[in-house]
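Each chain, written out:
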Amino acid sequence: MNNTAVKSSQPKIDSALQEKLALFVSLTPAFIITLIGTFIFLFWTIFMSFTDSTLFPGTDLIGLENYFKIWRFPRWQVATGNLFIFAPLYIVVCGGLGVAMAIMIDQNVKNESIFRAIYLYPMAVSFVVAGTVWRWILNPSTGVENLMHGLGFESFVFDWIARKDRAIYTVIIAQSWQHAGFVMALVLAGLRTVNRDIINAAMVDGASMATIYRRIILPSIAPIFVAVFFILSQWALKAFDIILALTEGGPGYATDVPSIFVRDMMFNRGQIGMATVAAVYMLLLLFVLMAIYYGYQLIFRKRVAQ
Amino acid sequence: MTIATTEQTLPSSQELGAMFWRFVLYAGLVLLGFFFIVPLAIVLLTSLRGQEEILKNGVLALPSEVSLRAWWVAFNESCVGTDCRGMAPYFWNSVKLVIPATVISTALGAITGYALTKYKFRGSEFFFAATIFGIFLPAQLFLLPTAQLLGLLSATNIWGLVLIHNLYGLAFTTLFFRNFYVQIPDEIISAARIDGAGFFAVFWRIIVPLSPPIIVVTVIWQFTHIWNEFLYGATFTTGTDLPITAALYAVTGPKGGIRDYGVEAAAVVIAALPTLAVYIVAGKYFVRGLTSGSLKG
Amino acid sequence: MATINIKALKKSYGSLVVLKEMDIDVNDGELLVLVGPSGCGKSTLLSMIAGLDKTTSGHIFIGDNEVTRKHPRDRDIAMVFQSYALYPTMTVRQNISFGLEMRKVAKEAREQAIGDVAELLQIGELLDRKPSQLSGGQRQRVAMGRALVRRPEVFLLDEPLSNLDAKLRVEMRTEIKKLHARLGKTMIYVTHDQIEAMTLASRIAVMRDGEIQQLDVPRVVYDDPSNLFVAQFIGSPSMNFIPVRIERHDGATQMTLVPAPEQSVSLSAKLDYPQDGRDLICGVRPEDLRLVSDGYPAAHNEAVFSAVVDVIEPTGAEDLVALSIADVGINCKMRDASNLSPGDNIQIAVSEEKFRFFDPGSEMRIRFRENLIESSAA
C-alpha cells in the first residue's frame, strides 16, 4: 500500500507553541476588554468618588467627605427611600404574578404557547417603550381615569402618576408588566423539571393539588425562587429608562432613584464626585445582594449534602 | 319486568367543581392576557387615529376611522429636538449600530468561550469569572470612564456606541457560548488535535458547525439588548447620532403645544417593531436566551 | 522503529499522585495492554503518551525522538477513544479524511487512502453517512478507520470496546487482533477487562494505584503472578486464596489450612519451604482443583482437601462449583459436576506445583526454589 503519499512534512513551528500562541491571541481581546471595561473603569469610578470633582474629573482627594455629604441632599434621601419602597413591592408583585402565571400555565392549558407568548412579549420591547405606553395609560387626562369618566364614572380618580406620594407605585405597575413574563418563564421551566412520579404518588395519597403545590412542588424548586429574587432585585436597582419614560423622575423628584440621580448629577448638574459616590453606593448594595445570594447557595448546598 | 334505569346524565358535584375551577383558570389566563396585550394594542390603535379624535376621546378608545397618516409623519416629519426629519434617520442609526455591535460581540464571545472551555489552563475559571463579572454591575458605574474614553477617542457618535456595546456585551456573549461549549465532549477536540488540527482549525471545522443554536440565541439576545438600550445611547451621542430609543424619548418627551398622540404612538411602534418582529419569528430562541442567561453559576 | 520508551514518568495533581514514577519500554510492533481497575491510572498514562496531558516529571520517547513536550500532532500517533469522538457534523468520509487534510495531503492520495481503509474495515457503504446514523459497532470501526488512515507509528486505544454489547465486543476483539497481526504496528491498548488483556496482548502491564504491578507476556502473568493483586485480577473466576501455615513436623514439611487446622498436607522436601511455622497465603486456580472420585483417585504428588459443595453453576462448556472449606469459599471448575449436589462432602485434589504462595503482609509472591542440598542428597 502506498505509504509515502500519506505522510507529509512536519510543521515548521513547534505545534505546541503554535497552539499556545493562538490561545493567547484569541483571549487577548477578552482580556483587554475585561481589564479596561470592567476593572479599570470600576476602579476609576471608585477613585473619583473620593475626589471633589464637579464639572470635570479632577484628582483632588477628599476622602469619604462626599459619602456623608450626599445624605444631606433631600433628593438623594428620596431616591434611596424610593428604592427601598419600590424594590420590595416590585419583587413581590412581579414575582408573585410571575409565579401565579407559571402555576396556571402548568395546569395543562390548551394553546399554552399562545398565552406564554403574550405574557412574555413585553420583555422584547425597550424600557422606554414600556414606560411611554404606561405613561399614557396612567395619565389622568388620557388614560384610565379619562376612560372611566367617559364610561360614566365621573368621580373615578386614578392620578397616582401625578401625585408625589403615589407616583412611585406606578413604576411598580409598569415594570411588573414588563418583567412578570420572565419570572413566569423561569419558574415554569423549573416546574417542568419536577419528577411527575412524585406528584402522582402524592395524588394517590389523597393530597389536593393546592397542597401538592404548596408542600411538594414549590419547595423543590426553591433555588429558582432565590434566583428570581436575586435577578429582580438587580433589575430594581438598575431601573432607569422605564422610570424616565414613565415619569421623568417626577413629579419633581418624587420618583427619583439612585440610577437616575447618578446620571443627572454627572451630566446635567456637573457634580461628578457626588455622582460617583451615588454609583458606589449602588455597587455596595449590589454586593450585599450578592453576598446574600451566595450565602444562601452555600447553606442550601450544605443542607442538600447532609 | 325490568325497569329501565335512567343513565346518569348530570355531572357529579366533584366534576362540577373541577369544571368550575377550569373555567376560573381560563378566565384568569384570558384576563391576564388582556392586561399584557392591551397596552400594546392601545398604542397600535392610537397610531392609526387622527389627532383631534384622540384628544376628544382619550387614549383608551377605539378608533373611529383608521389612517396611516401618523406613521408617515412619525417616520418622516416628527421632531427630535430641533431635527424634524422624522424617526427615519434615527432608525437607521440604530441599524448601523446594532449590526456591527452584534456581529463583533458574538464572534468575540464565541472564540473566548471556546478558548476557555476547550483549552483549560491554570486560571481559566478565574478568567471566565472575571469576564462575566460585569454582567451584574449597573451601567451607572461606567458612565464616567466611558464618557472620558469616548472623549479621548473623539468618538461621541454611532461608532463610539458600537465600541461600547462590544465592550459591555462581551460578558453576556461569552457566558452563552461558554455554557454551550462546555457540553461538547472534550474527546472530540482531543481527536482533532491528534489528527493535526490547530487551534483555529478546530474552531472553524468542528466547533462552529456545532454552534448554530447558540449563535441564534446570542444574536437575538444582543440584537434585542442593543436595539432597546437607552442610557448609553442617550448619553454618549448627540443630535443626529442618537439611536432610536433616545429619539423616541425625545419625540414622546415633554414639549409645549398640542401633543399629537397618534404620531407619538406611531413612533413607539416603529421603535418597538424590529425587536417584536424578532420575538414573534424566533420566540423560542428568545426564551432560551432568557432562561440560560439568567441561571448562571 | 516505533519503540516507546518511558523513563521516570510521574504524574501528580498537586499533592495527589496519580502515576508513580515508572519506566516502560515498548518494543516495535508489540501490542502492550494496560489493564487494571478504575482509577489505576491507565488512561492517564495513555493520555500522556498521546500528549493530551502534561507530565509532571520524566521523559517519553517515541522511536528516537523525545516527545515529552510535543503537541499530539507532532508525535506521529493515532488514538481511538472509548466514546469514539467522531466529528458529529461531518460524514464518515470527512471524518476519516480530516487528519489527512490537516496534514495537507493531496486530494488524490487522500481518496486512495480512504478507499483502502474503507475496504480494510468494511465501512465502504457508510462513507456518506453521519455518525448519528451509525450503530455502535459501525462507529467503532469508523473511529478505527480514522486512526488507521494516517499510517502513524503508534496506535493508542482507550477502551475501544467498552461501549459495545458483549457479543460485538468478542467479535471486534478478534478483528483488532487480526488487524494488529496484519499491520504489525506498535499499539498501546487500555482496558479494564482482563480477558481482553489476555487475548490481545503481546505483553500485559497490570496497573494499580498508579503503579505497574507486573509487566510480562500473558502466559507468565497468568501462571507466575508477582503479587496477590495480579493473581486475583487476572483469571476468571479469580484464583482461590486460603491462609496456611507451613512448619516442620516430624522431619517433614507440613502445610496446614488455618481456617480448618485439621486439614494438613505434606509438602515436597525438594523445595526450600520455611521451617519455622510461617503464615502464608496459598493460591490455587479453579481449573487446577479436581474432584477425587473412585475412578480418579489422588496421585502421589497431589494434595487432597475436604470441602462441602455450596452451589453448582453450569455454564454449558463446564460447571463452576462453589465449595467451602470451613468458612472459606473456594471456586472450582469441572467438566461435569452433574453427580454433585449442594451439601455434599467431597474431596478435591491439587498438584503441589500449582500452589502459589504470597506473603500476607506485603502481598508479594514467594517463589520456593529447588532445595539443591536436599534434592542432591536424595
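Remember, predicted model here, so these are calculated numbers, not experimental data.

Undergrad: So, the overall build of chain A: which residues are in play, and what are the values?
TA: Along the backbone of chain A there are 13 helices and 0 strands. Listed N to C, the secondary structure of chain A is α-α-α-α-α-α-α-α-α-α-α-α-α in terms of helices and strands. At 26 Å, chain A has a C-alpha radius of gyration far larger than the 19 Å of a compact globule built from 306 residues. In terms of overall dimensions, chain A has a C-alpha envelope of 95 × 75 × 45 Å along the principal axes. When burial is assessed residue by residue, chain A has 50% of its 306 residues classed as buried.

Undergrad: Residue-level account of the interface of chain C and chain B, with values.
TA: Many structure descriptions define interface size as the accessible area lost when the parts assemble. Counting from both sides, the interface comprises 23 residues of chain C and, opposite them, 15 residues of chain B. Of the roughly 1800 Å² buried at the junction of chain C and chain B (both faces included), carbon and sulfur atoms supply 61%. Joining chain C to chain B, the criterion identifies 2 salt bridges. Seen at the junction of chain C and chain B, the total is 10 residue pairs in polar contact (both at pLDDT 80 or more).

Undergrad: Can you lay out the packing of aromatic side chains for me, pointing to particular residues and giving the numbers?
TA: Residues and elements named next belong to chain B. Summed over all chains, the structure comprises 51 aromatic pairs over all chains. Seen in terms of ring centroids, Phe-223 and Trp-227 are 5.9 Å apart; in terms of plane orientation they differ by 25 degrees. Their pairing is stacked. Here Phe-223 pairs with Trp-227, and both are found in helix α10 (residues 212–228), just 4 residues apart, close to one helical turn. As far as the burial class goes, Phe-223 and Trp-227 line up, both buried.

Undergrad: Account for the pattern of salt bridges, naming residues and giving values.
TA: Enumeration according to the criterion identifies 26 salt bridges over all chains in this entry. Glu-175 of chain C is the salt-bridge partner of Lys-178 of chain C, the closest N and O atoms lying 4.0 Å from each other. A residue pair is termed a helical-turn pair when its members lie 3 or 4 positions apart in one helix, as Lys-178 of chain C and Glu-175 of chain C do in helix α5 (residues 166–183) at 3 residues. The salt bridge involving Asp-279 of chain C is made with Arg-245 of chain C; its shortest N-O contact spans 2.8 Å. Taken together, the residues Asp-279 of chain C in strand β14 (residues 276–284) and Arg-245 of chain C in strand β11 (residues 240–249) connect sequence positions 34 residues apart. Looking at Asp-279 of chain C, the relative accessible area reads 37%, which means it is partly exposed. On the accessibility criterion, Arg-245 of chain C (35% relative accessible area) is partly exposed. Within the structure, one salt-bridge network assembled from shared partners comprises Asp-106, Glu-112, Arg-116, Arg-192 and Arg-196 of chain A.

Undergrad: Any chance you could break down the interface of chain B and chain A for me, citing the residues and the numbers?
TA: Taken together, the contacts link 83 residues of chain B with 84 residues of chain A. The largest per-residue losses of area from chain B upon contact with chain A belong to Phe-36, Gln-140 and Leu-144 of chain B, which jointly make up 10% of the total buried on that side. In this assembly, chain B and chain A are joined by 1 salt bridge. Residues Glu-19 of chain A and Arg-193 of chain B are paired through a salt bridge, measuring 2.7 Å at the closest nitrogen-oxygen approach.

Undergrad: I'd love a proper account of unusual backbone geometry, names of residues and values included.
TA: With omega at -5 degrees, the peptide bond leading from Ser-236 of chain C into Pro-237 of chain C counts as cis. Tracing the chain through its elements places Pro-237 of chain C in the loop between α8 (228–233) and β11.

Undergrad: Mind laying out the sheet that holds strand β6 (residues 77–80) of chain C, listing which residues take part and the relevant values?
TA: Two modes of strand pairing occur in sheets, parallel and antiparallel, and in both the strands are linked by backbone hydrogen bonds. Residue and element names in this part refer to chain C. Spatially, 6 strands are ordered β6-β7-β8-β3-β9-β10 in an open sheet, and the strand pairing comes out mixed. Edge positions in the sheet fall to β6 and β10 (211–216), since each of these pairs with one other strand and no more. Each neighbouring strand pair of the sheet contributes to a mean axis angle of 15 degrees, computed without reference to strand direction. Bridge count for strand β9 (residues 203–208) against β10 is 5 bridges, and the pairing is antiparallel. Bridged to Arg-208 within β10 is Glu-211.

Undergrad: Explain a nonpolar patch on the surface to me, using residue names and the numbers behind them.
TA: A surface patch of nonpolar side chains, amounting to about 420 Å² of accessible area, comprises Phe-31, Ile-32, Leu-35, Ile-36 and Ile-40 of chain A. Residue classification places Phe-31 of chain A among the partly exposed residues on the basis of a relative accessible area of 45%.

Undergrad: Please provide a residue-by-residue account of the pairing of strand β17 (residues 319–325) of chain C, values included.
TA: Residue and element names in this part refer to chain C. Among the 7 residues in β17, 7 count as buried, and that is most of the element. Taking every second residue as pointing to the same face, both faces of β17 are buried, with Asp-319, Val-321, Leu-323 and Ile-325 on one and Leu-320, Ala-322 and Ser-324 on the other. Alignment of strand β16 (residues 302–314) against β17, held across 6 bridges, turns out to be antiparallel. When the bridges of β17 are listed, Val-308 appears paired with Ser-324. Counting the residues between successive antiparallel strands, the hairpin from β16 to β17 contains 4 residues, one of them, Gly-316, with a positive phi of roughly 100 degrees. One ladder, built from 7 bridges, connects β17 with strand β18 (residues 328–334); its direction is antiparallel. Looking at β18, one finds that Ala-322 is bridged to Asn-331. Counted along the chain from β17 to the antiparallel partner β18, the turn is 2 residues long, and its residue Ala-326 has a positive phi close to 55 degrees.

Undergrad: Give a description of the confidence of the model for chain B that names residues and reports values.
TA: Confidence along chain B averages 84 in pLDDT terms, with 88% of residues attaining 70 or more. Reported confidence for the predicted complex is 0.83 by ipTM and 0.86 by pTM.

Undergrad: Describe the sheet that holds strand β2 (residues 16–26) of chain C, naming the residues involved and giving the relevant values.
TA: Residue and element names in this part refer to chain C. Spatially, the 4 strands line up as an open sheet ordered β2-β1-β4-β5, and their pairing is antiparallel. Across the chains shown, the open sheet's two edge strands, defined by having one partner strand only, are β2 and β5 (65–66). With 2 bridges connecting them, strand β4 (residues 57–62) and β5 associate as antiparallel partners. Opposite Phe-61, over in β5, you have Glu-66 as the bridge partner.

Undergrad: Could you give an account of the nonpolar core, naming the residues involved and the relevant values?
TA: Ranked by size, the top nonpolar core spans 225 residues in total, and within it Tyr-119 and Val-187 of chain A, Tyr-114 of chain B together with Leu-45 and Leu-156 of chain C carry the most contacts. Here the element with the most residues in this core is helix α13 (residues 261–294) of chain B; it accounts for 15 residues. Not counting the four nearest positions on each side in its chain, Val-187 of chain A is found in contact with Val-99, Ala-102, Ile-221, Ile-224, Phe-225 and Val-228 of chain A. Residues Leu-100, Ala-109, Ile-123 and Ile-204 of chain C belong to the second largest nonpolar core, which totals 48 residues.

Undergrad: Please provide a residue-by-residue account of α5 of chain C, values included.
TA: The α-helix advances 3.6 residues per turn, and as a result positions three or four apart in sequence lie on the same side. Residue and element names in this part refer to chain C. Counted at 1.5 Å a residue, the expected span for α5 with its 18 residues is 26 Å, and the 26 Å between its end C-alpha atoms agrees. For α5, every residue scored as buried is listed here: Met-172, Arg-173, Ile-176, Leu-179 and His-180. Down the axis of α5, the smallest arc covering the buried residues is 130 degrees, so these residues share one side. For α5, the exposed residues set more than 90 degrees away from the buried face come down to Lys-167, Lys-178, Ala-181 and Arg-182.

Undergrad: I'd like a rundown of helix α1 (residues 42–50) of chain C, residues and numbers included.
TA: Residues and elements named next belong to chain C. Counting buried positions over the 9 residues of α1 gives 8, a clear majority of the element. Along α1, the residues classified as buried are Lys-42, Thr-44, Leu-45, Leu-46, Ser-47, Met-48, Ile-49 and Ala-50. Just past α1, the residue Gly-51 takes up positive phi, approximately 95 degrees.

Undergrad: Can you tell me about the packing of helix α3 (residues 74–105) of chain A against helix α12 (residues 258–267) of chain A, naming the residues and giving the values?
TA: When two helices pack together, you describe them by how their axes are tilted relative to each other and by the distance separating the axes. Residues and elements named next belong to chain A. Closest axis-to-axis distance for the α3/α12 pair is 8 Å, and the angle between their directions is 150 degrees. By the angle class used here, α3 and α12 are roughly antiparallel. The segment α3 lies against α12, with Arg-75, Trp-76, Ala-79, Thr-80 and Leu-83 engaging Pro-258, Ile-260, Phe-261, Asp-264 and Met-265.

Undergrad: Residues and numbers for the pairing of strand β3 (residues 31–35) of chain C, please.
TA: Residue and element names in this part refer to chain C. In terms of burial, β3 is a largely internal element, 5 of the 5 residues being buried. Of the two faces of β3, the one carrying Leu-31, Val-33 and Val-35 and the one carrying Leu-32 and Leu-34 are both buried. One ladder, built from 4 bridges, connects β3 with β9; its direction is parallel. Each bridged residue has a counterpart across the sheet, and for Leu-34 the counterpart in β9 is Ala-205.

Definitions and limits used
Residues numbered from 1 in each chain as written. Chains lettered and ligands numbered in written order. Predicted model: local features only at pLDDT ≥ 70, side-chain atom pairs only at ≥ 80, totals over all residues. Heavy atoms only, no water. Helix = DSSP H or I, 4+ residues; strand = E, 2+ residues; numbered from the N terminus. Rg over C-alpha atoms; globule rule 2.2 N^0.38 Å. Buried < 20%, exposed > 50% of the residue type's maximum accessible area, 1.4 Å probe, protein only. Contact = heavy atoms within 4.5 Å. Buried area = accessible area lost by both parts, 1.4 Å probe. Salt bridge = Lys/Arg side-chain N within 4 Å of Asp/Glu carboxyl O. Polar contact = N/O pair within 3.5 Å; in protein donor to acceptor, adjacent residues only side chain to side chain. Phe/Tyr/Trp six-rings, centres within 6.5 Å; stacked < 30°, edge-to-face > 60°. Pairing = 2+ DSSP bridges. Axes fitted to C-alpha atoms, helices over the stretch in contact; angles between N-to-C directions. Patch = residues over 30% accessible without salt bridge, like charges linked within 9 Å, V, L, I, M, F, W, Y side chains within 5 Å. Areas by Shrake-Rupley, 256 points an atom, 1.4 Å probe, with all protein chains shown as cover. pLDDT = per-residue confidence, 0-100. Core = buried A, V, L, I, M, F, W, Y, C linked by side-chain atoms within 4.5 Å. Expected span 1.5 Å × (residues − 1). Arc of directions from axis to C-beta. Parallel < 35°, antiparallel > 145°, perpendicular 65-115°, else oblique.

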